[in-house]
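Overview (structure and organization)
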Amino acid sequence: MEIIDRGWQDSFNFANQPLPQDAVHALLDTPFDPTWRSRLQRAAKAAPEFGFSALAFISLAGSSLAEDGSFAQSPDLDVPLNAPASSRLLWTKHGFVLHTRVPVRRQDAVLGFMEAERPLPQMDEALHDTTHLGETADFAICAAAGENMHCFPLRSTQGNVLRNYPRNIAGQPLPMSHALAGKSGVVHARDYRGRDVIAAYRPMGDTGLGTVLKIDSAELYQPLAATLWELPAILLPLMTMGFLLLRLQVMPLVRKMAEEIGEREKAEKYIRFLAYHDALTGLPNRLQIQERFDQAADCAQRNGSRLALVFLDLDGFKRINDSLGHSAGDAVLKEAAARLRDSVRNGDTVSRQGGDEFLILLTDLGDDAVITKIMDQILTRQMAPFHCEGIDLSTSVSMGIAVYPDDGRDFETLLKKADMAMYQAKDSGRNTYRFHNPQMSLDVIEHLQIYHGLRRAIDRDEFVLYYQPQIDLASGRITGAEALLRWQEPERGLVTPGRFIAIAEESGLITPIGEWVLEEACRQAAAWCQMGVSNLVVAVNISAVQFLRGNLDDSVVRALERSGLAADLLELELTESALIHNTENTLGVVRRLKSLGVKLSIDDFGTGYSNLAYLRRFAVDKIKIDQSFVRDMLDDPNDAAIIRAIIQMARTLNLKTIAEGVEHERTLDALRRCQCDEVQGYHISEPLPTDQFTRFLLTWREGWIHTAEGGKRAKC
Ligand SMILES: Nc1nc2c(ncn2[C@@H]2O[C@@H]3COP(=O)(O)O[C@H]4[C@@H](O)[C@H](n5cnc6c(=O)[nH]c(N)nc65)O[C@@H]4COP(=O)(O)O[C@H]3[C@H]2O)c(=O)[nH]1
């Protein structure tokens, strides 16, 4: 039910974001306005990100204004749902699909409609997720069709739907008929195949659908039946052997029978338990927390108190699951669940949504201070390491908070807002929490637009590299050029990496983008070399994601081969965090790169772990002192002391140092006095497009450039 409600709510929210609203409104008067049509089309293109497989905006007259994706054609089953209105549940060859039609509104006026389809893989899973209950366990979802019913495929119907199937067989109601009559319970009855089953039934909210979870009685009672079958054969000889033997032989059997009956009751209880709990952690499931929310909201409305819904996601869970396996993943989830339960008050509810997502309902709240106290408690507890399969693991969590009634009054709205806030917490570096604020909805749209734009940017040739010179302080020579990525986005203009690198990392797009950067930077460095610029090292930023997930060493080899650039004219700038994780794999990649002759520098040094051991282990060549220290070094003695310490340490380890973010002559002098090797910053030059950087190179110092005719040949 919540999946369907959420799907409908998502459609409604999507349709009523400012961009679609404005566009549909504008197209009321000028239906063919190309600017608004193209904006609306951009909004439609964001559909997959919201989980839609198809989406169309439709005018009041019924014509399509913009659409994306393809709607299901001739589904095997198509049933209208009572609520939310204008929704239909379809069964297609890919599984369940929710079809919704929602109004695009401004205040009370309907401006148009949005039709959307969203696959519901969670419901597909529900059909198959019964195997752990037993061989014959099965889950059914049906809709009333007059006196009969239509049923979506069960495990036992092997993908086939049941159309117009009777609700009673031989005068006896099937368990589903109770669910379709709006009742919940457990019965021993005959199912549609005429088999005896034990079945739990319940209606699916107000949708008009019914659900049944059932298992064949024969399977459930099999051990008991076997015992009963043996009984007469044993009893006859026993009767002649007298009381003693009777006690010895029969009593254990009787006890066994009693146990079997106990087992049967346990199975029944388990079926009931599953309807309201998560099987892995034993926590309440989504259905239960939603019911508790409804009760708490009624109460809060009466006494004017507040509630909070917290959406919590474990940070880095996928990495644990992928690298250590599912049993370690399960252990982490159980431990996280136990800690969450311990971190909240008695009246609060912790539930598992699925995967590594949890929901927490905090009731009876005064001001936000109570919420932040609980959030801090959760963060602290989750971070404590725990022992799992021979290793110490620790996790952190990101949380988003939506407050009743400030952020909304119904469960789905609050859930959606808490979800958005959770993403903000992730964006802010994880291991933290954020309260929802209205700006977040706009941020989500912006985030999606950037994501979709990035996917096409390489093919459309929209990336460019700018270069910023790096200068040797002793000689004044240009020793290097840092390649800095820019995105020439058709509508936004030149976009700097701060706005898109994190999205590229999160979506994995950083790998192809990073490869493009490597190829382009090497190609350009080789071109400068051909022009006669000698020993100019091009420095390329490598993201930690690219380093850990991509085949960085292969990409580097390819870029060098294609461009013909000498390996020692390429420097890779890595952050400390890239080298700290996954050390064995990292070491292998670094060794290969070093064996090629590629240089390695550590970017933003001083802001991360600053672990000296890895500087040696990875044979780093250069340390880049973070601009946050450089910026204030003249005014802040602590920053100046840190810079001096970094430079001294680097000298001891025989590493070069470069200071970034040098904006003033006086900073440059101070760095020279500290014996910093190189500098980079606006004082010398901002990052420049290729042609301007080439001019910069040619005019920087007389006599520095050696042409091929001039004697000294450039190394390329
Ligand atoms: N205030 C101030 N800023 C200065 C000064 N001199 C240089 N900067 C800016 O400082 C940033 C230095 O790059 P970064 O620390 O590697 O930080 C880079 C880097 O981490 C990332 N980045 C840039 N290009 C790439 C790329 O191709 N791949 C990856 N993975 N990340 C990139 O984006 C970050 C930001 O890049 P930009 O916006 O180009 O910002 C650049 C540069 O324009 C100065 O004197 N004052």
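Owing to the predicted nature of the structure, the values given are computational and were not obtained by experimental measurement.

**Observations regarding the overall build of the protein**
Each helix and strand counted, the protein has 25 helices and 31 strands in total. The buried share among the 716 residues of the protein stands at 50%. When contacts within the protein are restricted to residue pairs at least 6 apart in sequence, those whose partners lie at least 24 apart make up 62%. Accessible area for the protein stands at about 33,600 Å²; split by element, carbon and sulfur atoms hold 51% of it.

**Topic: unusual backbone geometry**
In the segment running from Tyr404 into Pro405, the intervening peptide bond is cis, with an omega of 5°. The phi dihedral of Ala170 falls on the positive side, at around 50°, and the residue is not glycine. By the element assignment, Ala170 lies in the loop between β10 (168-169) and β11 (172-173). A residue is classified by how much of its surface remains accessible, and Ala170, at 78% relative accessible area, is exposed.

**Topic: the state of the cysteines**
Within the structure shown, the criterion is met by 1 disulfide. Unpaired in terms of disulfides, Cys674 finds its nearest cysteine sulfur in Cys676, a separation of 7.7 Å. Accessibility expressed as a relative area gives 15% for Cys674, which makes it buried.

**Considerations on the sheet that holds strand β20 (residues 396-404)**
An order of β16-β17-β15-β20-β21 is seen for the 5 strands of this open sheet, with the pairing classed as mixed. Bordering the open sheet on either side are β16 (349-354) and β21 (433-435), each of which pairs with just one other strand. Neighbour to neighbour, the strand axes of the sheet diverge by 20° on average, direction disregarded. Where β20 lies against β21, 3 bridges are found, and the strand directions are parallel. Across the sheet, the residue bridging to Ile401 is Phe435, located in β21. The sheet contacts of helix α13 (residues 411-427) involve β15 (306-315), β17 (357-365), β20 and β21, and relative to β20 the element is tilted by about 140°.

**Topic: the site of the ligand**
What surrounds the ligand is a group of 21 residues, the closest being Arg486, Asp603, Gln627, Glu663 and Tyr682. A distance of 3.0 Å separates a nitrogen atom of the ligand from a polar atom in the side chain of Gln468. Here an oxygen atom of the ligand sits 3.1 Å away from a polar atom, N or O, in the side chain of Glu482. A per-element tally of the shell around the ligand places strand β23 (residues 478-489) first, with 4 residues. Taken together, the residues of the shell around the ligand sort by class into 8 nonpolar, 6 polar and 7 charged.

**Some points on the pattern of salt bridges**
Using the criterion set out here, one finds 34 salt bridges in the structure. Glu660 serves as the salt-bridge partner of Lys624, at 3.7 Å between the closest nitrogen and oxygen. A residue pair is termed long-range when its members are at least 10 positions apart, and Lys624 in strand β28 (residues 622-625) and Glu660 in strand β29 (residues 656-660) qualify at 36 residues. Residues Lys624 and Glu660 agree in their burial class; the two are buried. With a shortest N-O distance of 3.8 Å, Asp677 and Arg651 are connected by a salt bridge. Taken together, the residues Asp677 in the loop between α24 (665-673) and β30 (678-680) and Arg651 in helix α23 (residues 637-652) connect sequence positions 26 residues apart. Arg651 sits in the partly exposed class, given a relative accessible area of 45%.

**Examining the environment of Leu615**
Checked against the element boundaries, Leu615 lands in helix α21 (residues 612-617). Using a relative accessible area of 2% as the deciding quantity, one classes Leu615 as buried. Separated by 36 residues in the primary sequence, Leu615 and Leu579 place their C-alpha atoms 9.3 Å from one another. With sequence-adjacent residues up to four places away left out, Leu615 is seen in contact with Ile602, Phe605, Val620, Ile623, Met649, Leu653 and Leu655.

**Focus: the packing of aromatic side chains**
One pass over the full model with this rule turns up 16 aromatic pairs. The interplanar angle of 45° and the centroid separation of 6.0 Å between the aromatic rings of Phe463 and Trp516 together place this pair among those described as tilted. Of this pair, Phe463 sits in strand β22 (residues 463-472) while Trp516 sits in helix α16 (residues 510-531), placing them 53 residues apart in sequence. Judged by relative accessible area, Phe463 falls into the buried class, the value being 4%. Note on Tyr467 and Trp528: the rings are 4.8 Å apart at their centroids and 80° apart in plane angle, and the pair reads as edge-to-face. Of this pair, Tyr467 sits in strand β22 while Trp528 is found in helix α16, placing the two residues 61 residues apart along the sequence. Summarising the burial analysis for this pair, Tyr467 and Trp528 share the class buried. Here the aromatic cluster, defined as three or more aromatic residues joined through ring pairs, consists of Tyr467, Trp528, Phe693, Phe696 and Trp700.

**Notes on a nonpolar patch on the surface**
The grouping of Leu28, Leu60 and Val110 at the surface amounts to a nonpolar patch, some 230 Å² of accessible area in total. Structurally, Val110 can be placed in strand β6 (residues 109-119).

**A word on the sheet that holds strand β12 (residues 185-190)**
As summarised here, the arrangement of the 6 strands in space is β9-β8-β7-β14-β13-β12, forming an open sheet in which the pairing is antiparallel. The open sheet has two edge strands, β9 (162-166) and β12, and neither has a second partner. Taking each pair of neighbouring strands and ignoring which way they run, the sheet shows an average axis angle of 35°. By the bridge criterion, 6 bridges tie β12 to strand β13 (residues 196-203) in an arrangement that is antiparallel.

**Quick look at the pairing of strand β26 (residues 570-575)**
Within a regular strand, side chains alternate between the sheet's two faces. Most of β26 is tucked away: 5 of the 6 residues are buried. One ladder, built from 5 bridges, connects β26 with strand β27 (residues 599-605); its direction is parallel. If you follow Glu573 over to β27, its bridge partner there is Ser601.

Here is what the cut-offs are and how they apply
All residue numbers refer to position in the chain's written sequence, counted from 1. Confidence filtering applies because this is a predicted model: local features only for residues at pLDDT of at least 70, side-chain atom pairs given and counted only at 80 or more, and all residues used for totals across whole chains, interfaces and linings. Where side-chain values are given, they derive from all heavy atoms of the structure, hydrogens and water being excluded. Secondary structure elements follow DSSP: runs of H or I no shorter than four residues count as helices, runs of E no shorter than two count as strands, and numbering proceeds from the N terminus. Using a 1.4 Å probe on the protein chains alone, a residue whose accessible area is under 20% of its type maximum counts as buried, one over 50% counts as exposed, and one in between counts as partly exposed. Throughout, a contact is declared for two residues whenever any of their heavy atoms are within 4.5 Å. In this description, accessible areas are obtained by the Shrake-Rupley approach with a 1.4 Å probe, and a residue is regarded as covered only by the protein chains that are shown. Any two cysteine sulfur atoms within 2.5 Å of one another count as a disulfide. One bridge is not enough; two strands pair if DSSP finds at least two bridges between them. To get an axis, fit a line to the C-alpha atoms, keeping to the stretch in contact for a helix; angles then go from 0 to 180 degrees between the N-to-C directions. The cutoff for a nearby residue is simple: one of its non-hydrogen atoms must lie within 4 Å of the molecule or strand. Distance and chemistry together define a polar contact, namely a pair of N or O atoms within 3.5 Å, with one atom able to donate a hydrogen and the other to accept it when in protein, and with adjacent residues in sequence counting only for side-chain atoms on both sides. Ten residues, namely Ala, Val, Leu, Ile, Met, Phe, Trp, Tyr, Cys and Pro, are considered nonpolar, four, namely Asp, Glu, Lys and Arg, are considered charged, and the remaining ones, Gly among them, are considered polar. Salt bridges, as used here, are contacts in which a Lys or Arg side-chain nitrogen is within 4 Å of a carboxyl oxygen on Asp or Glu. Centres within 6.5 Å are what make two rings of Phe, Tyr or Trp a pair, Trp counting through its six-membered ring; a difference in plane orientation under 30 degrees is then read as stacked, over 60 as edge-to-face, and the rest as tilted. Residues enter a patch when their relative accessible area is above 30% and they make no salt bridge; the linking distance is 9 Å between like charges and 5 Å between nonpolar side chains (Val, Leu, Ile, Met, Phe, Trp, Tyr).

Interpretation note: all reported values are geometric properties and have no functional meaning in isolation.
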